[in-house]
Amino acid sequence: QEVPFERLVEVLAPDRSLARHPLFQVMLTLQNLGQARLDLPDLRVAPVSGGPRVAKFDLDVSLGEVTDGEGRPVGLRGSVTGAADLFDAGTVDAVAERLLKVLSLVAADPQVRVGQVQVLSGAERHQVVTDWNDTAVPKPETTWLSLFEDQVLRDPSAVAVVYGNERVSYGELDERAHRLAGVLAGRGVGPESVAAVMLERSVELVVTLLAVWKAGAAYLPVDPDHPSERLAFTLTDARPSCVLTTHAHAGELPADLTVPVLAVDEAEPAGRDEWSSPVLTAGHAAYVMYTSGSTGRPKGVVVTHGGLANHLLWAQRTFRLEASDRVLNKTPFGFDASVWELWWPLMSGAALVIAAPDGHRDPAYLAELMRLEEVTVAQFVPSLLSAFAAESAAVDCTSLRMLFCGGEVLPGALHKRVTDLLGVELYNLYGLTETTVDSTSWHGSPSEALGGSVPIGRPVDNTRVYVLDRFLEPVPPGVAGELYVAGTGLARAYHERPGLTGERFVACPFGGSGARMYRTGDLARWTADGQLVFVGRADEQVKIRGFRVEPGEVEGVLAAHPGVGQVVVVAREDVPGDKRLVAYVVLAAEGAQGDDLRRFAAARLPEFMVPSAVVVLDELPLSVNGKLDRSALPAPEFSSAGGRGPATVLEELVCQVFGEVLGVERVGVEDNFFELGGHSLLAVSLVQRLRERGFGVSVRVLFEAPTPAALAAAGSG
């Protein structure tokens with residue numbers, strides 16, 4: 001009260017909005033100076049209500065002491081006023097009731113610890129802990145492999161896999177996988193061993209993964225497009241019993257690799273009766289997938305057959321694939337969204353339609369493939385779904401009946417745009433690799449999708465979700481807390497990382513003895529009717545175009561460069577809908593440049609983890625308390641490296657469209673699209689604009705020829 005309000009606003013400089021108070025949104029007022037008495041001769045005086053209060057803040061709590069006839073305090077009386085634009089009457093009543101409960105508990109026991117104060121009533125606690133987690137169904141006593149083999153017996157001649165002009169029946173797929181599995185078994189591959197698979201998306205990939213399971217092992221996806229250092233780390237850390245690849249890709253493996261390598265395109269298949277498959281149980285490992293790690297090291301997640309079968313049986317019970325369905329497989333198999341794309345249709349008698357290895361980047365290609373092959377079911381991350389819906393050919397995908405979204409927040413406006421355009425059901429899924437693909441799903445009414453974002457829904461079969469405070473106590477509906485997941489879908493552990501496993505897979509206070517729950521790091525809140533809404537992150541992890549990225553891992557790679565003294569990596573969204581990683585470095589020595597450091601990172605990280613820009617600073621900005629001031633980090637500026645200008649009309653067109661998409665005033669013909677801040681989604685936008693102007697080129701060609709000169713030559717050649 002010593003500083004004028006106007007001066008506070010000037011110094012603190014908060015973001016201004018007509019919709020809220022500039023400094024705070026909740027006011028708590030306590031009047032404890034005693035009650036004034038008004039005595040007028042020969043008059044009886046009583047207070048009169050001034051009528052409904054006008055809300056000056058989002059929430060205004062006013063309390064005053066009540067005294068007895070001798071002026072001694074005997075209690076509190078007050079009111080809670082909520083802004084009608086933000087809260088309905090029921091919500092404000094609930095806030096008042098919970099405040100009353102907390103004050104009563106504290107008054108009854110002033111020594112109680114804050115973390116032990118129960119905000120929820122017994123009925124409310126039962127609702128959020130038990131009623132909204134009533135997902136129990138009989139746990140599967142089978143594995144996916146058994147479900148697949150049952151399907152083979154039912155209809156061995158049905159088409160299982162479609163890839164280009166190739167059609168593979170269920171019987172042929174099973175036979176090819178069984179014979180390759182015999183080769184693997186002869187090389188010592190069996191239950192609880194890990195087989196690394198380095199193949200492009202193809203029929204051969206499906207056969208090989210299936211063969212690994214028939215041999216009893218878990219598969220480890222290895223992307224041939226990853227930098228050599230990333231490949232080396234994954235193979236060294238996972239210690240697989242063998243690497244399965246092709247003759248063409250074998251040369252890309254680390255030269256010092258000591259693991260046996262088998263080229264599956266050259267392997268002599270085993271005889272049908274030369275061996276028999278081991279018996280798999282729910283507890284056996286199904287696959288090991290590596291995700292970004294906050295400590296700078298990727299971490300391998302070990303997922304079991306029990307969790308996999310539970311998830312896919314839930315999907316089939318809920319959404320029902322038929323034998324006539326065709327499911328698109330476009331997600332790289334190193335990401336867990338590929339799991340249901342690959343294995344759900346093949347246990348249900350449907351057909352799997354495989355996209356070309358680089359096809360997942362090109363919405364125009366996907367639309368044409370879906371039209372030609374009459375795809376009925378597909379999934380997209382929201383950012384790619386938006387680009388797909390912008391393709392004129394998307395409306396020709398008339399066979400589609402179900403679309404699934406996941407990996408990012410699904411905007412309500414995008415949901416409406418897609419469902420209006422395509423006339424399909426659009427479902428929103430939420431989950432993590434550590435919880436076997438999907439933990440919750442939303443398939444509600446279109447009215448629930450209106451507003452900022454679509455809910456992430458309710459827990460799937462045999463899964464429980466809890467929204468907890470820092471004391472691991474449930475929070476009331478409408479209040480944000482950290483999301484924890486428990487149940488059958490929990491992964492076994494992080495591969496050979498017991499410390500990290502213990503930190504993230506914690507004891508569940510709401511389950512039986514030995515029950516675990518996974519700490520997701522995501523923030524969520526319950527709605528009044530038991531739907532979950534994603535709110536944000538409790539840590540620095542970000543999603544870039546649907547991919548999970550720990551900035552700490554990117555920082556660790558850049559910090560290994562001898563010219564870097566300090567580094568911080570953040571996700572910026574300077575243009576709405578275009579989230580990019582940006583690295584800020586303080587150099588330890590002269591000589592290193594931002595572009596050099598970006599290339600250094602690109603040689604060690606997957607494409608989606610490479611910063612769009614590396615900004616060199618004299619020092620990192622700090623706040624008054626000595627911490628990094630992220631708000632003071634400057635936006636990156638992208639500019640041409642110079643060089644010659646366009647020499648042909650086509651080069652001029654490409655340079656112009658480069659500048660439009662990247663927001664760069666001048667682009668030279670030798671400027672690299674990705675070094676100017678481009679990424680895979682902007683590549684889609686670039687290709688779409690070029691096609692609109694009569695220059696047809698694919699996204700794959702752009703990745704191979706990322707300069708205007710090279711792209712113009714490739715497109716006209």
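Note: the structure precedes this text.
All of these numbers come straight from a predicted model, not from anything done at the bench.

Draft legend 1. Expanded view of the overall build of the chain. Along the backbone of the chain there are 20 helices and 29 strands. What you see for the chain is a C-alpha radius of gyration of 29 Å, in line with the 27 Å of a compact globule of 717 residues. C-alpha extents for the chain along the principal axes are approximately 110 × 65 × 50 Å. Within the span of the chain, comprising 717 residues, buried residues form 50% of the whole. Accessible surface computed for the chain: about 33,600 Å², of which carbon and sulfur atoms make up 52%. The positive charge centre, built from 62 side chains, and the negative charge centre, built from 91, are 3 Å apart in the chain.

Draft legend 2. Spotlight on the sheet that holds strand S28 (residues 578-587). If you walk across this open sheet you meet the three strands as S27-S28-S29, and the pairing is mixed. The two strands at the open ends of the sheet, each matched to only one other strand, are strand S27 (564-575) and strand S29 (613-616). This sheet shows a mean twist of 30° between the axes of neighbouring strands, independent of strand direction. Where S27 lies against S28, nine bridges are found, and the strand directions are antiparallel.

Draft legend 3. How the structure looks around the layout of surface pockets. Considering only enclosed or pocket space, the second largest pocket measures out at about 660 Å³ in volume. Forming the boundary of the second largest pocket are 28 residues, of which Thr-91, Pro-477, Gly-478, Trp-526 and Ala-528 lie nearest the centre. Elements supplying a minimum of two residues to the lining of the second largest pocket: helix H2 (89-108) and strand S23 (516-526). If you tally residues by element for the lining of the second largest pocket, the top one is H2, at five residues. Of the domains in this structure, domain 1 (5-87) and domain 2 (120-141 + 307-547) are the two that each give at least three residues to the lining of the second largest pocket.

Draft legend 4. Representation of the nonpolar core in the model. If you look at the biggest cluster of nonpolar residues, it comprises 96 residues, and the most contacted ones within it are Trp-144, Leu-173, Tyr-219, Trp-343, Trp-344 and Leu-346. Sort the elements by how many residues they give to this core and helix H6 (residues 203-214) lands first, with nine residues. Built from parts of two domains, this core gets at least three residues from each of domain 2 (120-141 + 307-547) and domain 3 (144-280). In this structure Trp-344 touches Leu-312, Ala-315, Gln-316, Phe-319, Arg-320, Leu-321, Val-339, Met-402 and Phe-404, once residues within four positions along its chain are discounted.

Quick notes on the rules
Residues numbered from 1 in each chain as written. Predicted model: local features only at pLDDT ≥ 70, side-chain atom pairs only at ≥ 80, totals over all residues. Heavy atoms only, no water. Helix = DSSP H or I, 4+ residues; strand = E, 2+ residues; numbered from the N terminus. Rg over C-alpha atoms; globule rule 2.2 N^0.38 Å. Buried < 20%, exposed > 50% of the residue type's maximum accessible area, 1.4 Å probe, protein only. Areas by Shrake-Rupley, 256 points an atom, 1.4 Å probe, with all protein chains shown as cover. Lys, Arg positive; Asp, Glu negative; His and termini not counted. Charge placed at Lys NZ, Arg CZ, Asp CG, Glu CD. Pairing = 2+ DSSP bridges. Axes fitted to C-alpha atoms, helices over the stretch in contact; angles between N-to-C directions. 1 Å grid on protein atoms, 1.4 Å probe; cavity = no way out; pocket = protein on both sides within 12 Å on 5 of 7 lines; lining within 4 Å. Points joined across faces, edges and corners; volume = space filled by probe spheres on them. Domains from an automatic or database assignment. Core = buried A, V, L, I, M, F, W, Y, C linked by side-chain atoms within 4.5 Å. Contact = heavy atoms within 4.5 Å.

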